[in-house]
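The primary structure of each chain is shown beneath.
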Amino acid sequence: MPFNQLYINGNWTDSKQSDFIEVENPTTLEIIESVPRGNSLDVDAAVNAAFDAFESWSETPVSKRIEFVQRALDYVKTHRDRIREIEIAELGAPHQWAEMAHVETPIKRIESFIEVAKNFSFETHLPSAVVRREAIGVIACITPWNYPLGQVVQKVIPAILCGNTVVLKPSQITPLSAYVLAEAFDVAGLPKGVFNLVTGKGAEVGNALATHPNVDMVSFTGSTEGGKEVGKLALDSVKKIALELGGKSACIVLESADYEQAVKGVLNSCFLNTGQTCSAWTRLLVPKKDLRTIEKLLVKTAQNFVVGDPKALSTQVGPLASLKQFEKVKSYIEKGIEEGATLLFGEVPSDYTSGYFVSPTIFTNVNNHMTIAQEEIFGPVLCVVPYETEAEAVSIANDTMYGLSGAIYGEASRSREVAKKIKTGSLTLNDGVRDILAPFGGYKQSGIGREGGHFGFEEFLEVKAIFDYDKQNSPS
Ligand code: NAD
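So, here's what we can say about the structure.

So, how was this worked out
- Residues numbered from 1 in each chain as written.
- Predicted model: local features only at pLDDT ≥ 70, side-chain atom pairs only at ≥ 80, totals over all residues.
- Heavy atoms only, no water.
- Buried < 20%, exposed > 50% of the residue type's maximum accessible area, 1.4 Å probe, protein only.
- Helix = DSSP H or I, 4+ residues; strand = E, 2+ residues; numbered from the N terminus.
- Pairing = 2+ DSSP bridges.
- Right-handed = clockwise from strand over helix to strand, strands pointing away.
- Core = buried A, V, L, I, M, F, W, Y, C linked by side-chain atoms within 4.5 Å.
- Contact = heavy atoms within 4.5 Å.
- Axes fitted to C-alpha atoms, helices over the stretch in contact; angles between N-to-C directions.
- Parallel < 35°, antiparallel > 145°, perpendicular 65-115°, else oblique.
- Left-handed = near helix turned anticlockwise from the far one by under 90°.
- Nonpolar A, V, L, I, M, F, W, Y, C, P; charged D, E, K, R; others polar.
- Near = heavy atom within 4 Å.
- Polar contact = N/O pair within 3.5 Å; in protein donor to acceptor, adjacent residues only side chain to side chain.
- Areas by Shrake-Rupley, 256 points an atom, 1.4 Å probe, with all protein chains shown as cover.

## Brief notes about the pairing of strand S8 (residues 165–169)
Piece 1. Most of S8 is tucked away, with five of its five residues classed as buried.
Piece 2. Here S8 shows a buried face lined by Thr-165, Val-167 and Lys-169 and a second buried face lined by Val-166 and Leu-168.
Piece 3. Here strand S7 (residues 138–142) runs beside S8; their pairing, made up of five bridges, is parallel. If you follow Val-138 over to S8, its bridge partner there is Thr-165.
Piece 4. Each parallel crossover has a hand, and the one from S7 via helix H5 (residues 148–161) to S8 is right-handed.
Piece 5. As paired strands, S8 and strand S9 (residues 195–197) are joined by three bridges and run parallel to one another. Residue pairing in the sheet places Val-166 in a bridge with Phe-195 of S9.
Piece 6. This β-α-β element, S8 to helix H6 (residues 176–188) to S9, shows right-handed connectivity.

Structure, rendered in structure tokens:
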């Protein structure tokens, strides 16, 4: 599979220009691959291929579309080890975590969309109307680096199953696993133009996609800043927009909680994937009277996280994905100290000669108005914010421009009551397990729309109401 080419109209194709983007291993700092720095001419070729393929693909029976995706899934399954090795190398994901979060989860997502497609009703009958759900057209899928294949399949698979055609622009930092998916579609014999891959930069390929006249929908996952830019560009020609953006989610520990359980849960959420998870619970809201007890538990538990070489089976926390991310996280840790928060665990990272490592970090006595409590750090940094009353905890949890995720630990019925008051797209109560069919997405500036399961599937469909005189007046 040629990492130095693009996949357009069913062919591995040279980019229209000769620049490449280097992909760096964030552990060894070696350049492991180079992918084309695509441009607007490449976007044009890919969008036109997708446009030409749309009519026939959208008219292909859904059962047939499922067969193609199933064959691609079979291919992905036989390349599990290769995908894991790619994510260890391009993202710095630790071996076991890479296997679970970056290989098995994307596979489960593809399987779940196939099930949704099998059972989806594309027509609803009202008393005097038929409502049809139809493919939209050409979908531009723009994805981030933190869950490379996972974010790609959340968009590409439902879009294609719904009968749309796709141009994918993966993140320039972690573009490699998207090539395995392209290869899977190629081997599956997906008709030409249904799936296209154009690598490159956001401001170049991303912008060209968002403004292209033949793109009908832009499905973007990334930063709130990037989402706003893409959204504005796409809205200029009133394209459908779906945005999955940043978060600063709160984990509320009620007085009735099992503190040990809560501490374990929040540290896993905040530190795994090296804190580079949009839905991570990065603010821990704790009863002020028990702050010391919880701080001791946090330190004791944080000490057990194994930071190191992502290739080692015992490693839980690898490096950050890039120098940019390292510098960003480092500057937030410095900012936290400068703002007067107490550094309970961790340190200011000194250099990155042996990889972009930042050890897990916990700030306590954080005021929710501090920068570190308001802005998305996207590294393994937890902010502990004490509260006096439950009402204050709710108000702190909601005092953010984001609303993506969150958690509550405490007595079951109390937790459910508090859950109703939190403005967020999803909430975990007492270690509840995420359902792969549940919708994922954000309130407020965490996004527009939902991904996953039936809700995520519907995002890639238009709705048409038909009022049929003959049907309305037929005797039956
Ligand atoms: P990013 O916004 O920098 O980039 C995301 C993608 O958009 C990349 O492919 C990038 O090249 C492209 N892009 C960036 N700016 C663009 C522009 N102006 N026009 C067109 N394309 C543009 O985000 P990132 O750093 O890759 O990812 C981290 C962010 O993603 C975090 O904020 C995280 O919270 C968010 N995220 C959200 C979800 C979710 O489901 N809500 C999931 C994963 C990551």
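Structure shown, so let's carry the discussion forward.
## A few points about the nonpolar core
Piece 1. Counting 57 residues, the largest nonpolar core has Val-156, Ile-160, Val-166, Leu-168, Phe-185, Phe-195 and Phe-457 as the members making the most contacts within it.
Piece 2. Considering every element that reaches this core, the biggest residue donor is H6, with nine residues.
Piece 3. Excluding residues within four positions of it along the chain, Leu-168 makes contact with Cys-141, Thr-143, Val-152, Val-156, Ala-178, Phe-195, Asn-196, Leu-197 and Val-198.

## Focus: unusual backbone geometry
Piece 1. Positive phi, normally seen in glycine, also occurs at Leu-29, with a value near 65 degrees.
Piece 2. Within the secondary structure, Leu-29 is located in the loop between strand S3 (20–24) and strand S4 (31–36).
Piece 3. The backbone of Lys-444 sits at a positive phi, close to 45 degrees, despite the residue not being glycine.
Piece 4. Along the polypeptide, Lys-444 turns up in the loop between strand S18 (428–429) and strand S19 (447–448).
Piece 5. For Lys-444, a relative accessible area of 36% puts it in the partly exposed group.

## Quick look at the packing of helix H3 (residues 80–90) against helix H4 (residues 95–119)
Piece 1. Between H3 and H4, the least distance of the axes is 9 Å, while the angle of their chain directions is 125 degrees. Taken together, the axes of H3 and H4 are oblique relative to one another. For the crossing formed where H3 meets H4, the hand is right-handed. Together, Arg-80, Ile-83, Arg-84, Glu-85, Glu-87 and Ile-88 of H3 and His-95, Ala-98, Glu-99, His-102, Val-103, Glu-104 and Ile-107 of H4 make up the contact between the two elements.
Piece 2. Classifying every residue of the contact of H3 with H4 gives five nonpolar, two polar and six charged.

## As for the site of the ligand
Piece 1. Around the ligand lies a shell of 27 residues, among which Thr-143, Asn-207, Ser-223, Glu-229 and Glu-376 are the nearest.
Piece 2. Within the side chain of Glu-244, a nitrogen or oxygen atom sits 3.3 Å from an oxygen atom of the ligand.
Piece 3. Burial of the ligand by the protein amounts to 90% of the accessible area it has alone, namely 830 Å².
Piece 4. Listing elements by their share of the shell around the ligand, those giving two or more residues are helix H7 (202–211), strand S10 (217–221) and helix H8 (224–235).
Piece 5. In terms of residues, the shell around the ligand owes the most to one element, H7, which gives three residues.
Piece 6. Grouping the constituent residues of the shell around the ligand by class yields 11 nonpolar, 12 polar and four charged.

## Some remarks on H7
Piece 1. For H7, the complete set of buried residues consists of Val-205, Gly-206, Ala-208, Leu-209 and Ala-210.
Piece 2. Buried positions along H7 lie against helix H1 (40–59), S7, S8, S10 and H8.

Interpretation note: all reported values are geometric properties and have no functional meaning in isolation.
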